Number of protein chains: 2
Amino acid sequence: MAQPVRLGVIGFGNVGKAFARMLLARQTELKSLGLRFVITGIFTARHGHVIDRKGIDLQRALAAGNLWEIRRRGSAIAGLEFVRTCPADILVEVSSLNPFNGEPALGYVKEALARSLSVVTANKGPIAYAYPRLVELAARHHCRILFESTVLDGCPLFSLVRETLPTTHIIGFRGILNSTSNLVLQKIEEGMSMKRAIAYAQEIGIAETNASYDLDGYDAQLKTSILVQVLLGERLTPSQITRGGIGHLSESEIRAAARRGRHYHLVSTARRKSGGVDASVEVHLLPRTDRLSLISGTSNGIILETDTLQTLTISEENPGPDQTAYGVLADCIRLSGSLPKARSKE
Amino acid sequence: MAQPVRLGVIGFGNVGKAFARMLLARQTELKSLGLRFVITGIFTARHGHVIDRKGIDLQRALAAGNLWEIRRRGSAIAGLEFVRTCPADILVEVSSLNPFNGEPALGYVKEALARSLSVVTANKGPIAYAYPRLVELAARHHCRILFESTVLDGCPLFSLVRETLPTTHIIGFRGILNSTSNLVLQKIEEGMSMKRAIAYAQEIGIAETNASYDLDGYDAQLKTSILVQVLLGERLTPSQITRGGIGHLSESEIRAAARRGRHYHLVSTARRKSGGVDASVEVHLLPRTDRLSLISGTSNGIILETDTLQTLTISEENPGPDQTAYGVLADCIRLSGSLPKARSKE
């Protein structure tokens, strides 16, 4: 059996907890890969932190109301100090998003990479705002950063492109990336008011408290920026992407279109052009024959245009925190095969 | 620059030629991966063969009516002798399919593996009829066999499952795997007679000369058998899979359903059950809300049911020989990273 891979986790909300549960549930599968993960630290902004170099008892951490309950000694620390002191091989950053500059997560991620600590994150902010810098930092310090769960939850989109499409260039894409907008539009078609539909999306835990973030396209803009940077290799920050939202549509307009067999969707689009990439998040009226039109509920999906396979469509049905957590776990497994030797032999 | 990877190719029809053209067209991309492929031999059943340890001039081979024209000396040989004598690191088997027992391709593949020669094949026969034996043979002789293009053309389905979904179990799938049946049904909906629709599918080069092979579900049965064996790990030979076809449907029945918003498709289905797997190829009447119902033209696609991501859908639009050839190239690239050392340093 290999040495355990030590994980320092920042964030212990829906995704962090789902990740901890998944580590417990998938021990047999991990063992069959010769892997054992231990969480040696958890840091949260509002519910305390805990560090235990022998591995935290995850059952207890999941059952506890906050992390103070399970910490034996020591006083509160800041996130950066956690990154510096938690004995870990991988930093798992799953704190909640700051959509405007990616902080403080970006700072944690940079600190980790600068210390040759590989990073897995589900947090869109750091990647959208600093992808090239983070990749450069990781290369310089002989470590890696993976972020499968930032777009399409745990659906292996980045892995698909990186690991299964050698020599292929991505020319462009069209995708439905924001679950809340898509669900709200569907519920309005089915007869709900927009207000009620938004409340419903919040009730089931997929919408942000500030509904504008989803409905006015900010979330999709961040995701589109990530895809353009990673898949098309072009530096477009979120604010450089044309942004529209569904807020200006009226309920009657949405329902009238549906009766004519056409459906509103918030669609992210990007395409290479000479000297750059055109990218936007906009409301499109799609016929039922469009592959994206079948992305319903909280599902999301993307159509990749390539120079080898024409178009390739990949979509995931009704993902939730468990699927995001799976993407994080899959990234941790990928990194475990390529940890810096000094660390993995520690 | 690494040593060139030498490829012996069996079959030089649509796929073999598309593969040769792709090797020429993608030299820059391959070079950036540190790879150079040379084809050191091509064998065909009816148009001769050529072996040249320095690498065949592919431009000339593509322009020639047959391979006798470009061979300088030597007499006709049998396929097995070609496998034994062609100086190669990978055998690329893209000959045409024998749907009933996979021969003679199966014999070539076995001979190659037994000689520690890794194999890439787009040929369904050997995999459907002998997958476990071939994997065992490859393991025993320290080489590998890959077959991405046997199902869904070049769409990276097997790579997706193998390389991007660690610890995930595939519980079942539903897919549209036979392009001809799907296209014929669509053309009938659009007003063509079945006879004319079949002729059309043959004209555009996707249907077998013996239309029954596609329309009566034999092709889908082979592909379903491959998926069940590879993705679900259960040994089900083609004949153990319930097989239906579209031949018994009447044109009026197909059009009447379409007017009601429901569409006939030939669907491959498999699902784990206690002690095994249920698998079938059958005509299903799908509503427009079913993701598979949007697989049109010669496209194909599959919905995977997993224990980590709920369902994951992947589909490819209107693939042809170029896409199949890409799947073969991608497999060759994968194998190039793991060739037996003795061979790759030869």
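Residues numbered from 1 in each chain as written. Chains lettered and ligands numbered in written order. Predicted model: local features only at pLDDT ≥ 70, side-chain atom pairs only at ≥ 80, totals over all residues. Heavy atoms only, no water.

S.K.: Sorry if this is basic, but what is going on with the overall build of chain A here?
M.R.: A tally of regular secondary structure across chain A gives 14 helices and twelve strands. For 346 residues, the compact-globule formula gives about 20 Å, and the C-alpha radius of gyration of chain A, at 21 Å, lands near that figure. In terms of its C-alpha atoms, chain A occupies a principal-axis envelope of roughly 65 × 45 × 35 Å. Burial statistics for chain A: of 346 residues in total, 60% are counted as buried. If you take every contact in chain A between residues at least 6 apart in sequence, the share linking residues at least 24 apart comes to 70%. As displayed, chain A offers around 13900 Å² of accessible surface, 49% of which is attributable to carbon and sulfur atoms. Across chain A, the mean location of the 41 positive side-chain charges is 5 Å away from that of the 33 negative side-chain charges. (Helix = DSSP H or I, 4+ residues; strand = E, 2+ residues; numbered from the N terminus. Rg over C-alpha atoms; globule rule 2.2 N^0.38 Å. Buried < 20%, exposed > 50% of the residue type's maximum accessible area, 1.4 Å probe, protein only. Contact = heavy atoms within 4.5 Å. Areas by Shrake-Rupley, 256 points an atom, 1.4 Å probe, with all protein chains shown as cover. Lys, Arg positive; Asp, Glu negative; His and termini not counted. Charge placed at Lys NZ, Arg CZ, Asp CG, Glu CD.)

S.K.: Would you take a moment to explain the relation of the copies chain A and chain B for this structure?
M.R.: Two copies of the chain are present, and they differ by a rotation about an axis and a shift along that axis. Superposing chain A onto chain B takes a rotation of 180° combined with a translation of 0.0 Å along the rotation axis, leaving an RMSD of 0.0 Å. Those values place the two copies in the arrangement expected of a two-fold rotation axis. Rotation axis and chain A: the residue whose C-alpha lies nearest the axis is Ile 314 of chain A, separated from it by 2.3 Å. A shared binding surface is used by both copies, with 100% of the interface residues of chain A retained as interface residues in chain B. (Least-squares fit on C-alpha atoms with pLDDT ≥ 70 in both.)

S.K.: How should I be thinking about the packing of aromatic side chains in this particular structure?
M.R.: The geometry of an aromatic ring pair comes down to the distance between the two centres and the angle between the two planes. Counted according to the given criterion, the structure contains nine aromatic pairs over all chains. On the basis of an interplanar angle of 70° and a centroid distance of 6.5 Å, the ring pair of Phe 100 of chain B and Tyr 218 of chain B is categorised as edge-to-face. Here Tyr 218 of chain B lies in helix H11 (residues 218-231) and Phe 100 of chain B lies in the loop between strand S4 (90-93) and helix H5 (105-114), a separation of 118 residues in the sequence. The ring of Tyr 218 of chain A carries the charged tip of Arg 243 of chain A above its face, separated from the ring centre by 4.0 Å. (Phe/Tyr/Trp six-rings, centres within 6.5 Å; stacked < 30°, edge-to-face > 60°. Lys NZ or Arg CZ within 6 Å of the ring centre and 35° of its normal.)

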